[in-house]
Amino acid sequence: MEVIVLFSVFLVLLVVGVPIAFALGISSLSYLLLEGISLTIVPQRMYAGIDTFVLLCIPGFVLAGNLMNVGNITEHIVRFCNALLGHIRGGLGLANVGGSMIFAGISGTAVADAASIGSVMIPGMAKSGYDKPFAAAVTAASSTIGPIIPPSVPMIIVGSLAGVSVGRMFLAGALPGLLMGVAMMITVYILSVRRGYPKERRATLRELLREGRTAFWALLMTGIILYGIIGGFFTPTEASIVASLYALIVGMYVYKGLTWRKLPAILTDTVLTSSALLLLIGLANLFGWILTSQQIPQMVAAGILSISDNPLVVILILNLILLFVGAFMETIAALIILFPALLGVATGVGMDPVHFAVMAVLNLMIGLTTPPVGVCLFVVAGIGNLQMLSVARAIVPFLVCNLIVLMLVAYIPAFSLWLPNLLMGK
């Protein structure tokens, strides 16, 4: 009975629009009161959820992303991608995807990617003759690459939940992220040819080198992070601080879009974002503890395996569950609540924890672009001053494209495991 109340309160709060963190907290509190459990368990479980050394890198990477974002990084990335791809039919759309792939190595979050790239590309593409819903759809779809290509906040979370090194998780996301980017570029090109979207003039070699030299500093940041972690020079937490210092120097003295006057606002935004994430993690851990105490994960695992113990079928069921949840729930909360339960099912049919983790994150990223709670859809619709329905219709080809990539990643483990096994061993 109490578990039914727990889920009922949670779902009602979600439907009426209560933020996910508070929905988790209030529903957990209702369960504890009905069960007569001391409320001292609330701070205990919340603290246990965030008392993990690796989670300290979240504020660092958020700060690094904010510093690079304010430091004119988006404009330089877009200009480089346009110089490289603009002469192809639908070149601005291709540059949009390419910009997201590069920006993914800085922000690590899809919403930041959609907001930053979208504020530049959606008006620019519309002015150049592209349909505005198409421009918004490309931006929203490509923003989901952000949490796949390292660094990635969701990869940090699943790494801590699965007991896998964050460096290994970062590497595991690299190839799937590149695969997503290439697949979306192919989709953009096919749609552009069919609809007769424009192409820009071919950039000269001098222009290409100039823009490449400027964008080099953004690319170097990802290289420093990965090389430092894989080479054993610093931990992921230390890497986030190195990334922040690097972003500060580059933003101030290379791109020169960052000033000392802007730092208080950047730090305030970082504190607010990091606090919201950590509050969400803490309350999700409390909710997850209740589910574990009621043996809900074991019941979910038994239910799935009662349908079939065939690995191909089980993987399909896991994908359907994650896609469904991703359409309604925030990524971090969904990972903390669902991941431990589903991980047991996945490993039970022979999936590597890293392989399953990448598949889970990819599923939930696709959820960011699907109604009714597709956060990235809301972001780009707001930027483009568009109706949500028009963007949702325009994004359908990209959802199909991403679902194909998801199936490849789900059923071909090498996409996730080859690079970490090559560079870090099995």
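Note on numbering: residues in each chain are counted from 1, in written sequence order. At least 70 in pLDDT is required for a residue's local features to be given in this predicted model, at least 80 for side-chain atom pairs to be given and counted, and no such filter applies to totals for whole chains, interfaces and linings, which use all residues. Side-chain calculation: all heavy atoms of the structure are included, whereas hydrogens and water are not.

Undergrad: How would you explain unusual backbone geometry if you had to name every residue and give the values?
TA: In this structure, K256 is a non-glycine residue whose phi angle is positive, near 60°. Here N385, not a glycine, exhibits a phi torsion of approximately 55°, which is positive. Its place among the elements puts N385 in the loop between α18 (375-384) and α19 (388-394). Taking relative accessible area as the criterion, N385 reaches 71% and is therefore assigned exposed. Where helices and strands are cited, they refer to DSSP runs of H or I of at least four residues and of E of at least two residues respectively, numbered from the N terminus. Partly exposed residues are those whose accessible area sits between 20% and 50% of the maximum for their type, while under 20% is buried and over 50% is exposed, using a 1.4 Å probe and protein chains only.

Undergrad: Summarise the environment of G86; cite the residues concerned and give the values.
TA: Summarising the element assignment, G86 is placed in the loop between α5 (73-85) and α6 (91-107). A sequence separation of 103 residues divides G86 from Y189, and the C-alpha atoms of the two residues are 12 Å apart. Setting aside residues up to four positions removed in sequence, G86 forms contacts with C81, G91, K199 and E200. We call two residues contacting when some pair of their heavy atoms lies within 4.5 Å.

Undergrad: Give a detailed account of the nonpolar core, specifying residues and quantitative values.
TA: Of all hydrophobic cores here, the largest spans 146 residues; its most connected members are L24, F356 and F398. If you tally residues by element for this core, the top one is helix α16 (residues 331-348), at 12 residues. Those residues in contact with L24, other than ones at most four positions away along the chain, are F10, L280, L283, A284, F287, A333 and I337. As used here, the term nonpolar core means buried Ala, Val, Leu, Ile, Met, Phe, Trp, Tyr and Cys residues forming a set that is joined through side-chain atoms within 4.5 Å.

Undergrad: Break down the pattern of salt bridges for me, with residues and values.
TA: The salt bridge criterion pairs a side-chain nitrogen of Lys or Arg with a carboxyl oxygen of Asp or Glu, the two atoms within 4 Å. For the structure shown, the criterion picks out two salt bridges. The shortest N-O distance in the salt bridge between R210 and E211 comes to 3.7 Å. Taking relative accessible area as the criterion, R210 reaches 37% and is therefore assigned partly exposed. What makes E211 buried here is its relative accessible area of 6%.

Undergrad: Give me helix α12 (residues 236-253): which residues, what numbers.
TA: Multiplying 1.5 Å by the residue count of a helix minus one yields the expected span of that helix. Over its 18 residues, α12 extends 25 Å from the first C-alpha to the last, a length consistent with the 26 Å expected when each residue adds 1.5 Å. Taken as a whole, α12 has its buried residues at P236, T237, A239, S240, A243, S244, Y246, A247, V250, G251 and M252. Considering only its buried residues, α12 is in contact with α4 (57-70), α10 (166-195), α11 (205-230) and α13 (263-293).

Undergrad: So, α4: which residues are in play, and what are the values?
TA: Helix length check: α4 (14 residues) gives 20 Å between terminal C-alpha atoms against 20 Å at 1.5 Å per residue, within 8%. Within α4, 11 of the 14 residues are buried, leaving the element largely enclosed by the surrounding structure. Within α4 the residues assigned to the buried category are C57, I58, G60, F61, V62, L63, A64, G65, N66, L67 and M68. N72 sits one or two positions beyond α4 and adopts a positive phi of about 65°.

Undergrad: Give a detailed account of a nonpolar patch on the surface, specifying residues and quantitative values.
TA: Residues F216, W217, I249, Y253, V254 and W260 make up a contiguous nonpolar surface patch of roughly 650 Å² in combined accessible area. Of all the secondary structure elements, the ones that give two or more residues to the nonpolar patch are α11 and α12. What makes a patch is a set of residues exposed beyond 30% relative accessible area and free of salt bridges, joined within 9 Å when like-charged and within 5 Å when nonpolar (Val, Leu, Ile, Met, Phe, Trp, Tyr). A 1.4 Å probe and the Shrake-Rupley method give the accessible areas. Residues count as covered only by the protein chains that appear here.

Undergrad: Outline the side chain of T270, supporting the account with residue identities and numerical values.
TA: Mapped onto the secondary structure, T270 falls in helix α13. Accessibility expressed as a relative area gives 7% for T270, which makes it buried. Residues contacting T270, with those up to four places away along its chain left out, are P59, V62, L63 and N66.

Undergrad: So what's going on with the state of the cysteines? Residues and values would help.
TA: Criterion for a disulfide: a pair of cysteine sulfur atoms at a distance within 2.5 Å. Enumeration over the complete set of coordinates arrives at zero disulfides. Unpaired in this structure, C81 has its nearest cysteine sulfur neighbour in C401, at a distance of 17 Å. Given the relative accessible area of 3%, C81 is considered buried. C376 supplies the cysteine sulfur nearest to C401, a cysteine that is in no disulfide, at a spacing of 15 Å.

Any link to function would need more than the numbers given here.
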